[in-house]
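Take a look at the letters that make up each chain.
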Amino acid sequence: MKAGPSMPRMMPVVVTGAAGFIGRRVVARLAAAGLRVRAVDRLPAPQDLPPAVEYRRADLGADLGWVPEQGADGFLLVHLAWNMNRADTGEQTASVGDFTRLLETLPGRGLRAVVGLGSAEEYGEQEGQLHEDQAPGTRLSAYGQAKHEACRALDAWSRTGGRKAIWLRPFIVYGPGQGGDMVVPYALRCARERRSAEFTEALQLRDFIHANDVADGIVRAVATIPGLTVAFSACNLGRGEPVRLRDVLERIARKTDAADLFHFGARPLRVNEPQSQFADLKLARALLKWHARITWKQGVDDLCRGGAE
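Residues numbered from 1 in each chain as written. Predicted model: local features only at pLDDT ≥ 70, side-chain atom pairs only at ≥ 80, totals over all residues. Heavy atoms only, no water.

**Remarks on the packing of aromatic side chains**
So, point 1. Applying the stated rule across the entire model yields six aromatic pairs.
So, point 2. Taking the centre distance of 6.5 Å and the plane angle of 70 degrees together, the rings of Tyr-174 and Phe-208 count as edge-to-face. One end of the pair, Tyr-174, is in strand β8 (residues 172–174); the other, Phe-208, is in strand β11 (residues 208–210), and 34 residues separate them in sequence.
So, point 3. Among the residues examined, Tyr-174 registers a relative accessible area of 1% and is labelled buried.
So, point 4. The buried category is assigned to Phe-208, whose relative accessible area is 4%.
So, point 5. Plain terms: the ring middles of Phe-199 and Phe-262 are 5.2 Å apart, the flat faces sit at 65 degrees to each other, and that makes the pair edge-to-face. You can see Phe-199 sitting in strand β9 (residues 197–199) and its partner Phe-262 sitting in strand β14 (residues 262–264), a full 63 residues away along the chain. Like Phe-199, the residue Phe-262 is buried in the burial classification.
So, point 6. In this structure an aromatic cluster arises from ring pairing among Tyr-186, Phe-199, Phe-262 and Phe-264.
So, point 7. One residue, Arg-251, lies across the ring of Trp-296, its end atom 5.9 Å from the ring centre. (Phe/Tyr/Trp six-rings, centres within 6.5 Å; stacked < 30°, edge-to-face > 60°. Helix = DSSP H or I, 4+ residues; strand = E, 2+ residues; numbered from the N terminus. Buried < 20%, exposed > 50% of the residue type's maximum accessible area, 1.4 Å probe, protein only. Lys NZ or Arg CZ within 6 Å of the ring centre and 35° of its normal.)

Here it is in structure tokens:
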């Protein structure tokens, strides 16, 4: 994305979780747009860190040495840091606590606006096309519940303080460099290691979005905040089209010659798992002037070829 008149050139941007799957993509794009970027993470600096980016290795909860010295314009926070042990309620609660402490502490250090990353898991078991104004489901995962609580905290922080904030909810994110046990990296890892992979019947319909498109959406949110006419806005990120999970997995199997390794129906569905979930994107188009560019077939094919980020 090119820097334009709407980009907050004078306000530095601090990105937490900057060495992560999404974070390193966001940092690269913000730097390419000409913004002053301070990247923060517990991990060492990525090897491909843009030269102009200032990197701070820090624990967000331990000290505030990573916070920029307060300038007249303050700074904008892109908060991506989060514990990805998704099923651990304690770890998820700790991530919410870290975020709310930043919201309480950093305005006195120059924080002016926030872009936060949520999740479609905030919708829980709700079915069909999902809009940002829908109430969360009644049965949220530990991760979904934590992200929902963080969203509420940011909303309250924004509205009570007259500050601007955007909360983004990506749907099923995938792409090169993704770790963990989400379905796409799990399937790809099993295919490459030539070992058995077990799935449900995989007939669920989901909305798959490439990590590069998510990063572009985050950068669009940074560009949008200076002109935001409301204090707070939540916004879906997806392609807006339901895709059968089995179609994605079978394409991975074909592209990696792993059809004999993938076993469908070997696992039961989770209790209350929705059959169909996909994003309503009207707000993303209107507010962020953004849409996803990479189709799921393009993304999966590139992933199976070992495409770079």
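Let's pick the thread back up.
**Considering helix α3 (residues 142–161)**
So, point 1. Taking 1.5 Å per residue, 20 residues should reach 28 Å; α3 reaches 28 Å between its end C-alpha atoms and fits that length.
So, point 2. What α3 keeps buried is the set Tyr-143, Gly-144, Ala-146, Lys-147, His-148, Ala-150, Cys-151, Leu-154, Trp-157 and Ser-158.
So, point 3. The inward-facing, buried residues of α3 abut α2 (89–105), β5 (111–117), β7 (164–170) and β12 (232–237).
So, point 4. Note on α3: the residue one or two positions beyond its end, Gly-162, has a positive phi of about 65 degrees. (Expected span 1.5 Å × (residues − 1). Contact = heavy atoms within 4.5 Å.)

**Topic: the pairing of β7**
So, point 1. Among the seven residues that make up β7, six are buried, leaving the element largely enclosed by the rest of the structure.
So, point 2. Direction of pairing for β5 relative to β7: parallel, over a ladder of five bridges. From the neighbouring strand, Gly-116 faces β7, where its bridge partner is Trp-167.
So, point 3. Examined bridge by bridge, β7 and β12 share six bridges and lie parallel to one another. What sits directly across from Pro-170, in β12, is Leu-237. (Pairing = 2+ DSSP bridges.)

**Brief notes about the environment of Leu-76**
So, point 1. Looking at the element boundaries, Leu-76 is found in strand β4 (residues 75–79).
So, point 2. Among the residues examined, Leu-76 registers a relative accessible area of 1% and is labelled buried.
So, point 3. If we ignore the near neighbours within four places in the chain, the residues touching Leu-76 are Met-11, Pro-12, Val-13, Val-14, Leu-111, Ala-113, Val-115, Val-222 and Ile-225.

**Considerations on the pairing of strand β1 (residues 13–16)**
So, point 1. Residues Val-13 and Val-15 line one face of β1 and the alternating positions Val-14 and Thr-16 line the opposite face, and both faces are buried.
So, point 2. One ladder, built from four bridges, connects β1 with strand β2 (residues 37–41); its direction is parallel. Opposite Val-13, over in β2, you have Val-37 as the bridge partner.
So, point 3. Inspection of the sheet shows β1 paired to β4 by four bridges, in the parallel sense. Each bridged residue has a counterpart across the sheet, and for Val-15 the counterpart in β4 is Val-78.

**A word on the confidence of the model for the protein chain**
So, point 1. Here the protein chain averages 92 in pLDDT, while 96% of its residues score no lower than 70.
So, point 2. Counting contacts from residues 1–8, a segment whose pLDDT is below 50, to residues more than four positions away or on other chains yields 16 contacts. (pLDDT = per-residue confidence, 0-100.)

**Thoughts on the nonpolar core**
So, point 1. Membership of the largest hydrophobic core comes to 47 residues, with the highest contact counts inside it found for Leu-168 and Ile-218.
So, point 2. Take this core: its biggest share by element is seven residues, from helix α5 (residues 211–224).
So, point 3. Among all residues touching Ile-218, those that are not within four sequence positions of it are Ile-22, Val-26, Val-78, Leu-80, Val-115, Leu-117 and Leu-168.
So, point 4. Residues Phe-75, Leu-111, Cys-151 and Phe-232 belong to the second largest nonpolar core, which totals 27 residues. (Core = buried A, V, L, I, M, F, W, Y, C linked by side-chain atoms within 4.5 Å.)

**Quick look at α5**
So, point 1. Between its terminal C-alpha atoms α5 stretches 20 Å, which fits the 20 Å expected from 14 residues at 1.5 Å a residue.
So, point 2. Of all 14 residues in α5, 14 are buried; the element is thus mostly enclosed.

**Quick look at the pattern of salt bridges**
So, point 1. Per the counting criterion, the structure on display carries 21 salt bridges.
So, point 2. Arg-56 is the partner of Glu-54 in a salt bridge, and the nearest nitrogen-oxygen pair spans 2.9 Å.
So, point 3. Overall, Glu-54 belongs to the partly exposed group, its relative accessible area being 33%.
So, point 4. In this structure, a network of salt bridges that share partners links the residues Arg-38, Glu-54 and Arg-56. (Salt bridge = Lys/Arg side-chain N within 4 Å of Asp/Glu carboxyl O.)

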